[in-house]
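Residues per chain are reported as follows:
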Amino acid sequence: MDKVVALTKRRGFIYPSSEIYGGLSGFYDYGPYGVALKRAIRDLWWRHVVELRDDVVGLESTLIMPSEVWAASGHLTNFVDPLRQCTGRCKKRWRADTVKGDKCPECGSEVYLRPETAQGMFVDFKNVINSTRVRVPFGIAQQGRAFRNEITPGNFVFRVREFELMELEYFVKPNEDDGWFDYWRKERMRWYTDVLGVNASRLRQYDHPKASLSHYSKQTTDIEYEFPFGWGELEGIADRTDFDLRVHQEASKTDLTYLDPETNDRYLPWVIEPAVSVDRIFVTLLIDAYDEDVVNEESRVVLRLHPNVAPVQVAIVPLSKKEDLIKVARDVRSSLQGEFRVEYDQTGGHIGRRYRRQDEIGTPFCITVDFETLNDRAVTIRKRDTTEQERVAIAGLTERLTALVAG
Ligand code: GAP
């Protein structure tokens, strides 16, 4: 873990928040490569949970919601970690359990920073069924910031106080929850191994015993990863029954039932919810990918990230700063930039050193533009994991890299 933390700082994945003022416990900033990795995680989740399916729609609800939502959902009575933010003049944030009553101690407003994105999807349930053509079974998906007053933040970004949740609320017929619960457990596991390339032997499923279930859950399975500090929750998949729609229906006095157009049955759908944070996937991927090996009698650090998530998928390294060579290298860069996450490294240092740097940030492919390129209009693809080299015509480079990135 210490090695991963040092690497992420050294290479600009993560910085402690407000570090020049001594940092802020439980808060981190994401640097240039960290942002690229985060965006890749977020985009792949959206792609596989929303875009590649025709039964899930997206939503973006607000981060700040009224206290009635959290009173109805049971968060105020069952959890002690919500944070509240004043929406009035002062904008101060408060630990919810230190504020008496509903008003901001400073200026009297009544709102909460959300500890989960889920409630936005329940509160908007009626809007979504009235404005789209979704039919049960269907899902609403949301990605966005969540805030918790974690008493013990730690293990890097495993547990932080401000993080980015990705949640799917999948609405099903009341007696069909068990089947869908199994479906989503398998589907989510498959996403980690096949799309993100996480080592299957370091993943397992943990079924919560009744006593440790959240107040809204009938059954919960965690997808766990074997972290350096032990097995820990990566993602939770919960069967939330009709708990949330029911409590919001009661508290808001709004009918939230669904009318089945085929059977004319009216009911509150049950909900299967896979929920995970980008931050926790981030730390998982870095730990899973970190490796040290020896190449040509030199030891190296290498992040064996799947090409799908690598912050830089293709690095272009011209062998020298000679003008005609640089020109070709820049043309290659332009032709690849729209297709891949590309970095151009013209620093001119020893080529081996430039490869080592790309190995450390997990770049799966380096394109070397050398003197021969000027004659044969071809470049070398150097592969991170094996350090093998392959000569490819510039004309066929995009196609070859597309195949390599797809694995
Ligand atoms: N809506 C359900 C829910 O929020 P949760 O188990 O409290 O369930 C879901 O959180 C996921 O969010 C966890 O599996 C984990 O991936 C992530 N998560 C929770 N607390 C976190 C924290 N303090 N820092 C980073 N990620 C967190």
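Cut-offs and rules
Residues numbered from 1 in each chain as written. Predicted model: local features only at pLDDT ≥ 70, side-chain atom pairs only at ≥ 80, totals over all residues. Heavy atoms only, no water. Helix = DSSP H or I, 4+ residues; strand = E, 2+ residues; numbered from the N terminus. Buried < 20%, exposed > 50% of the residue type's maximum accessible area, 1.4 Å probe, protein only. Contact = heavy atoms within 4.5 Å. Areas by Shrake-Rupley, 256 points an atom, 1.4 Å probe, with all protein chains shown as cover. Lys, Arg positive; Asp, Glu negative; His and termini not counted. Charge placed at Lys NZ, Arg CZ, Asp CG, Glu CD. Pairing = 2+ DSSP bridges. Axes fitted to C-alpha atoms, helices over the stretch in contact; angles between N-to-C directions. Parallel < 35°, antiparallel > 145°, perpendicular 65-115°, else oblique. Left-handed = near helix turned anticlockwise from the far one by under 90°. Nonpolar A, V, L, I, M, F, W, Y, C, P; charged D, E, K, R; others polar. Polar contact = N/O pair within 3.5 Å; in protein donor to acceptor, adjacent residues only side chain to side chain. Near = heavy atom within 4 Å. Domains from an automatic or database assignment. Buried area = accessible area lost by both parts, 1.4 Å probe. Salt bridge = Lys/Arg side-chain N within 4 Å of Asp/Glu carboxyl O. Expected span 1.5 Å × (residues − 1).

S.K.: Looking at this structure, how should I read the overall build of the protein chain?
M.R.: What the protein chain contains, in helices and strands, is 13 helices and 22 strands. For the protein chain, with 407 residues in total, the buried portion stands at 53%. Taking contacts inside the protein chain between residues at least 6 apart in sequence as the whole, the part at least 24 apart equals 64%. About 18900 Å² of surface is accessible on the protein chain, with carbon and sulfur atoms providing 48% of the total. Here the protein chain carries 57 positive and 64 negative side-chain charges, and the mean point of each set is 4 Å from the other.

S.K.: Could you clarify how one ought to interpret the sheet that holds strand E21 (residues 378-383) in this entry?
M.R.: Within a beta sheet, neighbouring strands are joined by backbone hydrogen bonds and run either parallel or antiparallel to one another. Spatial ordering of the open sheet is given by E19-E18-E20-E21-E22, a layout of five strands whose pairing is mixed. Strands at the two margins of the open sheet, each flanked by one partner only, are strand E19 (342-344) and strand E22 (389-393). For this sheet, the mean inter-axis angle between neighbouring strands, taken without regard to orientation, is 25°. Here strand E18 (residues 314-318) runs beside strand E20 (residues 365-369); their pairing, made up of five bridges, is parallel.

S.K.: What should I look at first to understand helix H8 (residues 243-252) in this one?
M.R.: Think of an α-helix as turning once every 3.6 residues; residues three or four places apart then point the same way. Listed as buried for H8 are Phe243, Asp244, Leu245, Val247 and His248. Packed against the buried residues of H8 are helix H3 (67-73), helix H5 (118-123), helix H6 (125-131), strand E9 (162-172) and strand E12 (230-241). Downstream of H8 by one or two residues, Lys253 has phi in the positive range, about 55°.

S.K.: Sorry if this is basic, but what is going on with the packing of helix H2 (residues 32-51) against helix H9 (residues 278-289) here?
M.R.: Each pair of packed helices can be summarised by the angle the axes make with each other and by the distance between the axes. Contact geometry for H2 and H9: axes closest at 10 Å, N-to-C directions at 110°. Put simply, H2 runs roughly perpendicular to H9. Considering the relative orientation of H2 and H9, their crossing is right-handed. Residues Gly34, Leu37, Lys38 and Ile41 of H2 lie in contact with H9, whose contacting residues are Val278, Asp279, Ile281, Phe282, Leu285 and Leu286. Here the contact of H2 with H9 is composed, by residue class, of seven nonpolar, one polar and two charged.

S.K.: Whenever I open this one, the side chain of Arg161 confuses me. Can you help?
M.R.: Residue position: Arg161 is located in the loop between strand E8 (138-147) and E9. For Arg161, the side chain forms a polar contact with the main-chain oxygen of Glu150, separated by 2.7 Å. If we ignore the near neighbours within four places in the chain, the residues touching Arg161 are Ser25, Gly26, Phe27, Ala146, Phe147, Arg148, Asn149, Glu150, Ile151 and Pro153.

S.K.: Just checking my understanding: could you explain the site of the ligand for this structure?
M.R.: As a structural note, the neighbourhood of the ligand is formed by 20 residues, with Glu116, Val160, Glu167, Glu233 and Leu234 the closest of them. One of the side-chain N or O atoms of Arg148 is found 2.7 Å from an oxygen atom in the ligand. Leu234 places a main-chain nitrogen or oxygen 2.7 Å from an oxygen atom of the ligand. Relative to its unbound accessible area of 560 Å², the ligand is 89% covered by the protein chains.

S.K.: Is there a simple way to explain the packing of H2 against helix H7 (residues 177-195) in this structure?
M.R.: Viewed as axis vectors pointing N to C, H2 and H7 meet at an angle of 130°, and their least axial separation amounts to 12 Å. In terms of orientation, H2 lies oblique with respect to H7. Here H2 and H7 pass one another in a crossing that is right-handed. Contacts between H2 and H7 involve Ile41, Leu44, Trp45, His48 and Val49 from the former and Arg188, Trp191 and Val195 from the latter. Partitioned by chemical class, the residues of the contact of H2 with H7 number six nonpolar, one polar and one charged.

S.K.: Would you mind going over the domain arrangement of the protein chain with me for this structure?
M.R.: Interface size is commonly expressed as the accessible area that is lost once the parts come together. The domains assigned to the protein chain are domain 1 (2-79 + 115-286) and domain 2 (312-406). Taking only C-alpha atoms into account, the centre of domain 1 sits 38 Å from that of domain 2. Taken together, the contact between domain 1 and domain 2 spans six residues of the former and six residues of the latter. For the pair domain 1 and domain 2, the summed buried area comes to about 600 Å², and 51% of that belongs to carbon and sulfur atoms. The tally of links between domain 1 and domain 2 comes to two salt bridges. Of the charged contacts, one joins Arg11 and Glu360 as a salt bridge, the two residues approaching to 2.9 Å between their closest N and O atoms. At the surface where domain 1 touches domain 2, the tally comes to four residue pairs in polar contact (both at pLDDT 80 or more). The set of elements that each furnish at least two residues to the side of domain 1 that touches domain 2 consists of helix H1 (2-10) and H2.

S.K.: Teacher, can you tell me more about H7 here?
M.R.: Taking 1.5 Å of rise per residue, 19 residues should cover 27 Å, and H7 covers 26 Å from first to last C-alpha, within 8% of that figure. Within the span of H7, buried status applies to Asp177, Phe181, Trp184, Arg185, Arg188, Met189, Trp191, Tyr192 and Val195. Once H7 ends, the next one or two residues include Gly197, with phi positive near 75°.

S.K.: What am I meant to see in the sheet that holds strand E10 (residues 203-207) here?
M.R.: Strand order in the open sheet made by the seven strands is E3-E8-E9-E15-E12-E11-E10, with mixed pairing throughout. The sheet is open, and its two edges are formed by strand E3 (56-58) and E10, each paired on a single side. Across the sheet, the mean angle separating the axes of adjacent strands is 25° when strand polarity is ignored. Sheet analysis places E8 next to E9, joined by 10 bridges and oriented antiparallel. Note that in E9 the partner of Ala146 across the bridge is Phe163. Sheet contacts for H7: E9, E10, strand E11 (219-227), E12 and strand E15 (270-277); angle to E12, the most-contacted strand, approximately 145°.

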